[in-house]
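Okay, here's what each chain looks like letter by letter:
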Amino acid sequence: GVDALLRAEGLGRRFGRRWIFREVNVEIGPGQVLAVTGKNGQGKSTLLNTLCGRIPASEGTIQQTDSWGISTIDMALYPSLTAAEHILFGARLRGVKSEPNGLLTRVGLGDAEDVLASNMSTGMRARLKLALAIQHKPNLLFLDEPTAALDVSGREIVESITAEVSENGAVVLATNDKQDMRMATHELRLA
């Protein structure tokens, strides 16, 4: 459709001679949540990274909105920066106004402003990455196994952020988690 936030046609990515995926077609628009599923090693994370442009496609075409955010398991945080400093740094990079406290409270880190990333639990790191992904209010959000390291309250935050973004935008989730899949309006299975 005309208002698609993301459109990919004939998408393929290979490393060396091995195709990770091929002939992937995706079109998502406002109000949609796409779950990318498939066994571990089937290329879910690679597909997410290709769709958002972090890694180039080997074949096919992608068109997407300029306003996107991503939170992935492999995304690095700066060990010597606090949670608040990450938010301020992210805001500067993106040229957006920043209120670390409001954003950190949104993801359940309101009392962790001064905690260094190196001292954070895996769940806290996952929450901080989520905050950075939604900081500039993107209309397309990519989440790689968003609830893998999270407890029940963390899951609820992911669900409410997914619902919020997909009111006017769209979300792409790479997941095999049954609960995550309940958030999806569409599914793309990599085999």
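Residues numbered from 1 in each chain as written. Predicted model: local features only at pLDDT ≥ 70, side-chain atom pairs only at ≥ 80, totals over all residues. Heavy atoms only, no water.

### Comments concerning the side chain of Thr147
In this structure, Thr147 sits in the loop between strand S6 (140-144) and helix H5 (152-168). In this structure Thr147 comes out as buried when scored by relative accessible area, which is 3%. At 2.8 Å, the side chain of Thr147 forms a polar contact with the side chain of Asp180. Sequence-distant contacts of Thr147, defined by excluding residues within four places in its chain, comprise Arg155, Val158, Asp177 and Asp180. (Helix = DSSP H or I, 4+ residues; strand = E, 2+ residues; numbered from the N terminus. Buried < 20%, exposed > 50% of the residue type's maximum accessible area, 1.4 Å probe, protein only. Polar contact = N/O pair within 3.5 Å; in protein donor to acceptor, adjacent residues only side chain to side chain. Contact = heavy atoms within 4.5 Å.)

### Comments concerning helix H4 (residues 122-134)
Here H4 contains 13 residues, and its C-alpha end-to-end distance of 19 Å stays within 8% of the 18 Å for a straight helix at 1.5 Å per residue. Taken across its 13 residues, H4 has 10 buried, putting it largely inside the fold. All of the buried residues along H4 are Gly123, Ala126, Arg127, Leu128, Lys129, Leu130, Ala131, Leu132, Ala133 and Ile134. In this fold, the buried residues of H4 make contact with strand S5 (68-71), helix H2 (83-94), helix H3 (100-106), S6 and H5. (Expected span 1.5 Å × (residues − 1).)

### Some remarks on the environment of Lys137
Positionally, Lys137 belongs in the loop between H4 and S6. In sequence terms Lys137 and Gly169 are 32 residues apart; their C-alpha atoms lie 9.8 Å from each other.

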